[in-house]
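What the coordinates show
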Amino acid sequence: MYLRNAKSSDLAHVMELSELTDPNSATVRVRFHAGEEAGEPVSVQKSELSFASGEALPKCWLDPHYRVSF
C-alpha cells in the first residue's frame, strides 16, 4: 500500500500492513520512492502519513482507545 508523507508529500510503500493497522504501534516501516528507485526501509510515525488522496488515516489505526469517549 502506498501512503503519502504529510510533510514532504513523498510516496511511501508500507512494508507490513499489519504494522499499519495495529493501533498499539506508533510507527510503521516504509520505503520512500524517489524517481525509479526505492529507498532503504525506515520507520516513521503513523501520524506523519496520510492516504495518497490527502485523507487522514482512520482513527482505529492510530489510537488503541478510539472507542472510549469521555
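Position numbers for residues start from 1 in each chain and track the written sequence from start to end. Under the rules for a predicted model, residues below a pLDDT of 70 receive no local features and side-chain atom pairs below 80 are neither given nor counted, while totals for whole chains, interfaces and linings still include all residues. In computing side-chain values, all of the structure's heavy atoms are included and hydrogens and water are not.

1. Notes on the overall build of the protein
When you go through the protein residue by residue, the secondary structure sums to two helices and six strands. Ordering the α and β elements of the protein from the N terminus gives β-β-α-β-β-β-β-α. Along the first, second and third principal axes, the C-alpha atoms of the protein reach 45 × 20 × 15 Å. The cut-offs for exposure are 20% and 50% of the maximum accessible area for each residue type, with area from a 1.4 Å probe on protein chains only; residues under the lower value are buried, those over the upper are exposed, and the others partly exposed. Among the 70 residues that make up the protein, the fraction classed as buried is 20%. The contacts in the protein between residues at least 6 apart in sequence include a share of 29% that link residues at least 24 apart. Every helix listed is a DSSP run of H or I at least four residues long, and every strand listed is a run of E at least two residues long, numbered separately from the N terminus. Whether two residues touch is decided by their heavy atoms; if any such pair falls within 4.5 Å, the residues are in contact.

2. Quick notes on the pattern of salt bridges
When a carboxyl oxygen of Asp or Glu lies within 4 Å of a side-chain nitrogen of Lys or Arg, that pair is called a salt bridge. The full count for this structure, using the stated rule, is two salt bridges. E48 is the salt-bridge partner of K7, the closest N and O atoms lying 4.0 Å from each other. In this pair, K7 sits in the loop between β1 (2-5) and β2 (11-14) while E48 sits in the loop between β5 (42-45) and β6 (49-51), placing the two residues 41 residues apart along the sequence. Using a relative accessible area of 70% as the deciding quantity, one classes K7 as exposed. Two residues, R29 and E19, come together in a salt bridge whose shortest N-O distance is 3.2 Å. Here the residue R29 occupies a position in strand β3 (residues 27-34), and E19 occupies one in helix α1 (residues 17-21), the gap between them amounting to ten residues.

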